[in-house]
Protein chains: 2
Amino acid sequence: MTKTDIASRVYNHTWKLDPIIRSLIDTDFYKLLMLQMIWKLYPTVDATFSLINRTTTVRLADEIDEHELREQLNHARSLHLTKKEMIWLAGNTFYGRKQIFEPEFLNWLATYQLPEYELSRRDGQYELHFHGRWMETTMWEIPALAIINELRSRAAMRHMGQFTLDVLYARAKAKMWEKVERLRTLQGLRVSDFGTRRRHSFLWQRWCVEALKEGIGPAFTGTSNVLLAMDSDLEAVGTNAHELPMVVAALANNDDELRAAPYKVLKDWNTLYGGNLLIVLPDAFGTSAFLHDAPEWVADWTGFRPDSAPPIEGGEKIIDWWRKMGRDPRGKLLIFSDGLDVDAIIDTYRHFEGRVRMSFGWGTNLTNDFAGCAPQHVESLKPISLVCKVSEANGRPAVKLSDNPRKATGEPEEVERYLRFFGTQDRVEQAVVV
Amino acid sequence: MTKTDIASRVYNHTWKLDPIIRSLIDTDFYKLLMLQMIWKLYPTVDATFSLINRTTTVRLADEIDEHELREQLNHARSLHLTKKEMIWLAGNTFYGRKQIFEPEFLNWLATYQLPEYELSRRDGQYELHFHGRWMETTMWEIPALAIINELRSRAAMRHMGQFTLDVLYARAKAKMWEKVERLRTLQGLRVSDFGTRRRHSFLWQRWCVEALKEGIGPAFTGTSNVLLAMDSDLEAVGTNAHELPMVVAALANNDDELRAAPYKVLKDWNTLYGGNLLIVLPDAFGTSAFLHDAPEWVADWTGFRPDSAPPIEGGEKIIDWWRKMGRDPRGKLLIFSDGLDVDAIIDTYRHFEGRVRMSFGWGTNLTNDFAGCAPQHVESLKPISLVCKVSEANGRPAVKLSDNPRKATGEPEEVERYLRFFGTQDRVEQAVVV
């Protein structure tokens, strides 16, 4: 018998919508941790999230069909958490802690749906905004980015033949496995997947995550993707993001509140979480300013996540500060997560080996590295620097400075005001690739 | 690893055209035999073929998208015979005879393409005509019918879910296998597939043909589908069709030529073919009239194919005629091929067992019987009585009377003229289901 599953074939060729986001927990774990804090401490705050394409040379509105984009966003809005997901969130142990999510929070989450979106086009780019309560809008960040990135790769592959696609993925798998083999050589390495938002596609991220699980074993410490953590029995990893200090700073009514904002956020966080979740993200308004004004207790936190300074430079600065505060860095943790690939992971690991505990959050270059894989060159398979940032809180503009001026977000005059306030010390211009 | 062939999945979900006809030999074998005769003896005759939907309650133009229909017809027009197909046609033995196709004919066929079509809509039906040389237009009959029938089943299945489709085909396979088991009980049965034109789909016909090959073994004597015969190593079967007497009758310049037409066609045929290919199709203008005027030599032919009379009645009439002509029916062959299903095959077989050699050409009810298979009732999965008949030859109207008035084709006044000429004797009204 000539083997063809006729039913599957008919189904595949009368395909309607192929949803990119099929679960509300197909998102980063830190969004859930932050969501619980926002729900508990800032339930009435409004926050607008906005799409920002830093790779302005790529005209997203020309590459991605608006109708398809709306279909995908609408489908994501139709999702609720499933019973299985609710039970898993309630029953699973995260960071060694049971019931990290309060029953009241889970009750609220059980009926949660993504809020409305505002989509328009301007000079070849999409203007995408999410208005509403912070605890509603914050959950759009990851699905919105994953949808746009996957629609972009689908468009890039739309006209490829069956063998072109077969070779494309074969090469991508071979390329990925070479990275696995290089990482294997590092004793005691700790790497986790941070690639959800920038992934080529959900299925490809799943392949990469499962390849790491088999390929580097215990060195693979988990994935930020909650759905993949559940399905592949991995640790869900992640702590907090810039949106917390950005919103709290935007809400500040005076200079004292603004100066206190980055530390108030840590206190807020500490009311809900402890242990390995006590990770400082220092660069929202510049790491130097943060360390200069940091209260003594910040040095008691488990670790830091330098997210925009060059890893070695940024790490050294934090280690110096720990020493200055009389803490032994060897007991501390540094989490690197900014545009890493294998070379940067290996160099950074070798540089700090034995001096500090380290963990690497591997993102775009893990789940969306198809450079040189397509039989013919396809520019639109190259990942872009696309983010979805909080732009307003209770009607006030939100700002991020970061240690790399090119990663700053917010209205120019407001960015200037923050720079005058927090200072420009040690900010280093670096190309932002992803 | 969660098993998903990402490349195939991406390919399936960016599917463009799924061609229904992928080969010029995805057609009935008798079209090639007739084509060689037309090419040799009637190369300058023009013949128009026209689509006729006898199931007028089904509004084809509402069920099938015109753009899809044109895409499929255009794709069929782009086909040439492949090297492999040419070599097989030249090298294979058909009906025990080597090189049944002349080298000159094959040279001409090597560059053949389907000619233009004329498509329009009228009251919910498609008007589809093929104008041109007979040896060009005749090849449209089977692909045109197969395309429309498969587009109709695709439309019927377009909104079915994966499990609905899975169950649909599971039930169709089970139903088909029950027929196989019933046919197995008949000793010395000879059945072949005549289901190309009315098939649900190409893949489904292939499944049915291969199921018969495994299921009834030697009782399965072949398929009329040349491509399946080549791919599945089966005998290609089929002889001639009504278009031959219809065209020759239309070309008649006087009553004598008209009366001689049905027999002239047999003489023409005999100049190219012999043995088991000497099968008389007697009902073009009524079997009684045909037998009444038949010259003695017609009784020397191998057999008859009664195609519109009820099988038992039609068979008895021919057997009586053989006896009258002093021939022993036990040495003769009757091929039944009109709207058969298992019951009719078994009844007819039992009725004539031992009195005459028999063969059954099983069509629509073999390759398009999904009655009761869809989880919910889908009217449009029911096959319809769709034919593509020669309507004009050198500008003169072509007519078919047949033994069943409901199967008559041609302009009413012309049908009347033929009826006056050949007589209405023994013509029996029967419902035309397929």
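Quick caveat, the model's predicted, so the values are computed rather than measured.

How each quantity is defined
- Residues numbered from 1 in each chain as written.
- Chains lettered and ligands numbered in written order.
- Predicted model: local features only at pLDDT ≥ 70, side-chain atom pairs only at ≥ 80, totals over all residues.
- Heavy atoms only, no water.
- Helix = DSSP H or I, 4+ residues; strand = E, 2+ residues; numbered from the N terminus.
- Rg over C-alpha atoms; globule rule 2.2 N^0.38 Å.
- Buried < 20%, exposed > 50% of the residue type's maximum accessible area, 1.4 Å probe, protein only.
- Areas by Shrake-Rupley, 256 points an atom, 1.4 Å probe, with all protein chains shown as cover.
- Lys, Arg positive; Asp, Glu negative; His and termini not counted.
- Charge placed at Lys NZ, Arg CZ, Asp CG, Glu CD.
- Contact = heavy atoms within 4.5 Å.
- Salt bridge = Lys/Arg side-chain N within 4 Å of Asp/Glu carboxyl O.
- Polar contact = N/O pair within 3.5 Å; in protein donor to acceptor, adjacent residues only side chain to side chain.
- Nonpolar A, V, L, I, M, F, W, Y, C, P; charged D, E, K, R; others polar.
- UniProt positions renumbered as here; feature names shortened; annotations may be inferred.
- Axes fitted to C-alpha atoms, helices over the stretch in contact; angles between N-to-C directions.
- Parallel < 35°, antiparallel > 145°, perpendicular 65-115°, else oblique.
- Pairing = 2+ DSSP bridges.
- Right-handed = clockwise from strand over helix to strand, strands pointing away.
- Least-squares fit on C-alpha atoms with pLDDT ≥ 70 in both.
- Expected span 1.5 Å × (residues − 1).
- Arc of directions from axis to C-beta.

Draft legend 1. Focus on the overall build of chain A. Looking only at helices and strands, chain A has 18 helices and 11 strands in total. Over its C-alpha atoms chain A spans a radius of gyration of 21 Å, differing by no more than 12% from the 22 Å that the globule rule assigns to 434 residues. With respect to the three principal axes, the spread of C-alpha positions in chain A is 75 × 50 × 45 Å. The buried share among the 434 residues of chain A stands at 60%. Of the roughly 17,500 Å² of accessible surface on chain A, a fraction of 50% belongs to carbon and sulfur atoms. Computed over 54 positive and 59 negative side-chain charges, the inter-centroid distance for chain A is 3 Å.

Draft legend 2. Highlighting the interface of chain B and chain A. Each partner contributes to the interface: chain B provides 29 residues, whereas chain A provides 29 residues. The interface formed by chain B and chain A includes 2 salt bridges. Between R9(B) and D18(A) there is a salt bridge, and its shortest N-O distance comes to 3.4 Å. For the interface between chain B and chain A, the tally reads 10 residue pairs in polar contact (both at pLDDT 80 or more). If you list the elements that add at least two residues to the side of chain B that touches chain A, you get α1 (6-13), α9 (162-183) and α10 (202-216) of chain B. Here the side of chain B that touches chain A is built from residues that sort into 13 nonpolar, 8 polar and 8 charged.

Draft legend 3. Quick peek at the pattern of salt bridges. As enumerated under the stated definition, the model contains 66 salt bridges over all chains in all. Of the charged contacts in the structure, one is a salt bridge between R417(A) and E414(A), with a shortest N-O distance of 2.8 Å. Of the two residues, R417(A) and E414(A) both sit in helix α18 (residues 412-422), 3 residues apart, roughly one turn of that helix. Across the pair E141(B) and K31(B) runs a salt bridge, and its minimum N-O distance is 2.6 Å. Here E141(B), found in helix α8 (residues 141-157), pairs with K31(B), found in helix α2 (residues 29-41); they are 110 residues apart in sequence, far enough to count as distant. Classification of E141(B) as buried rests on a relative accessible area of 5%. With relative accessibility at 0%, the residue K31(B) sits in the buried group. Salt bridges here are not isolated pairs; linked through shared partners, they connect R9(A), D18(B), R22(B), E150(B) and R154(B).

Draft legend 4. Region of the structure containing the UniProt feature "domain: Nicotinate/nicotinamide phosphoribosyltransferase" (unreviewed entry) in chain A. Feature annotation in UniProt places "domain: Nicotinate/nicotinamide phosphoribosyltransferase" (unreviewed entry) on residues 190-420 of chain A, given in this structure's numbering. Secondary structure content for residues 190-420 of chain A is 40% helix and 13% strand, and the end C-alpha separation is 38 Å.

Draft legend 5. Inspection of the packing of helix α13 (residues 255-272) of chain B against helix α18 (residues 412-422) of chain B at higher detail. Residue and element names in this part refer to chain B. Direction vectors running N to C along α13 and α18 enclose 80 degrees, while the axes themselves pass 12 Å from each other. Here α13 is positioned roughly perpendicular relative to α18, judged by the angle of their axes. Contacts between α13 and α18 involve D255, L258 and R259 from the former and R417, Y418, F421 and F422 from the latter. The residue inventory of the contact of α13 with α18, partitioned by class, reads 4 nonpolar, no polar and 3 charged.

Draft legend 6. Quick peek at the pairing of strand β8 (residues 333-336) of chain A. All names here are of chain A. Judged by which residues are buried, β8 turns out to be covered on both faces: L333 and I335 on one side and L334 and F336 on the other are all buried. In terms of strand pairing, strand β7 (residues 303-304) meets β8 through 2 bridges, oriented parallel. Directly across from G303, in β8, lies its bridge partner L333. Taken together, β7, helix α15 (residues 311-324) and β8 constitute a β-α-β crossover, and its handedness is right-handed. In terms of handedness, the path from β8 via helix α16 (residues 342-352) over to strand β9 (residues 357-362) forms a crossover that is right-handed.

Draft legend 7. Representation of unusual backbone geometry within the structure. Residue and element names in this part refer to chain A. Not every positive phi belongs to a glycine, and Y95 is a case in point at roughly 50 degrees. Among the structural elements, Y95 can be located in the loop between α5 (83-91) and α6 (103-110). Taking the relative accessible area as the measure of exposure, Y95 reaches 28% and is therefore partly exposed.

Draft legend 8. Region of interest: the sheet that holds strand β6 (residues 279-280) of chain B. Residue and element names in this part refer to chain B. Sheet architecture is open: 6 strands sit in the order β5-β4-β9-β8-β7-β6, paired in parallel fashion. One side of each edge strand has no neighbouring strand; the edge strands of this open sheet are β5 (220-223) and β6. Here α10 sits on the sheet and contacts β4 (191-193), β5 and β9 (357-362); the angle it forms with β5, its principal contact strand, is near 160 degrees. Relative to β9, helix α16 (residues 342-352) is tilted by about 175 degrees, and along the sheet it contacts β8 (333-336) and β9.

Draft legend 9. Structural context of the relation of the copies chain B and chain A. Superposition of chain B onto chain A requires a rotation of 180 degrees combined with a translation of 0.1 Å along the rotation axis, giving an RMSD of 0.0 Å. Given the turn and translation reported, the copies of this chain are related as if by a two-fold rotation axis. Minimal C-alpha separation from the rotation axis in chain B is found for N12(B), amounting to 2.8 Å. Looking at the interface residues of chain B, 100% of them are also at the interface in chain A, so both copies use one shared face.

Draft legend 10. Representation of the UniProt feature "domain: Nicotinate phosphoribosyltransferase N-terminal" (unreviewed entry) in chain A in the model. Look at the UniProt record and you will see "domain: Nicotinate phosphoribosyltransferase N-terminal" (unreviewed entry) annotated at residues 25-149 of chain A. Counted over residues 25-149 of chain A, helix gives 47% and strand 14%. Its end C-alpha atoms are 18 Å apart.

Draft legend 11. Focus on the environment of L203(B). Locating L203(B) in the fold gives a position in helix α10. Residues L203(B) and G354(B), 151 residues apart in the sequence, show an inter-C-alpha distance of 37 Å. Among all residues touching L203(B), those that are not within four sequence positions of it are T4(A), I6(A) and R9(A).

Draft legend 12. Structural view of helix α9 (residues 162-183) of chain A. The end-to-end C-alpha distance of α9(A) is 32 Å, a good match for the 32 Å that 22 residues give at a rise of 1.5 Å each. Considered for burial, the residues of α9(A) that qualify are T164(A), L165(A), L168(A), Y169(A), A172(A), M176(A), K179(A), V180(A) and L183(A). Buried residues of α9(A) fall within an arc of 150 degrees about the axis and therefore sit on the same side. Within α9(A), the exposed residues directed more than 90 degrees away from the buried face are F163(A) and E178(A). Residues of α9(A) that are buried in the fold lie against α8 (141-157), α10 (202-216), α16, β9 and α17 (364-367) of chain A together with α1 of chain B.

Draft legend 13. Region of interest: the side chain of Q125(A). Residue and element names in this part refer to chain A. By secondary structure assignment, the location of Q125 is in strand β3 (residues 125-130). Looking at Q125, its side chain comes within polar contact range of the main-chain oxygen of V58, at 2.7 Å. Excluding anything up to four places from it in sequence, Q125 contacts N53, T56, V58, R59, L60, A61 and S120.

Draft legend 14. Representation of the environment of K267(B) in the model. All names here are of chain B. Looking at where K267 falls in the secondary structure, it is placed in helix α13. Classification of K267 as partly exposed rests on a relative accessible area of 48%. Each C-alpha atom, one on K267 and one on V167, is 51 Å from the other, the two residues being 100 residues apart in sequence.

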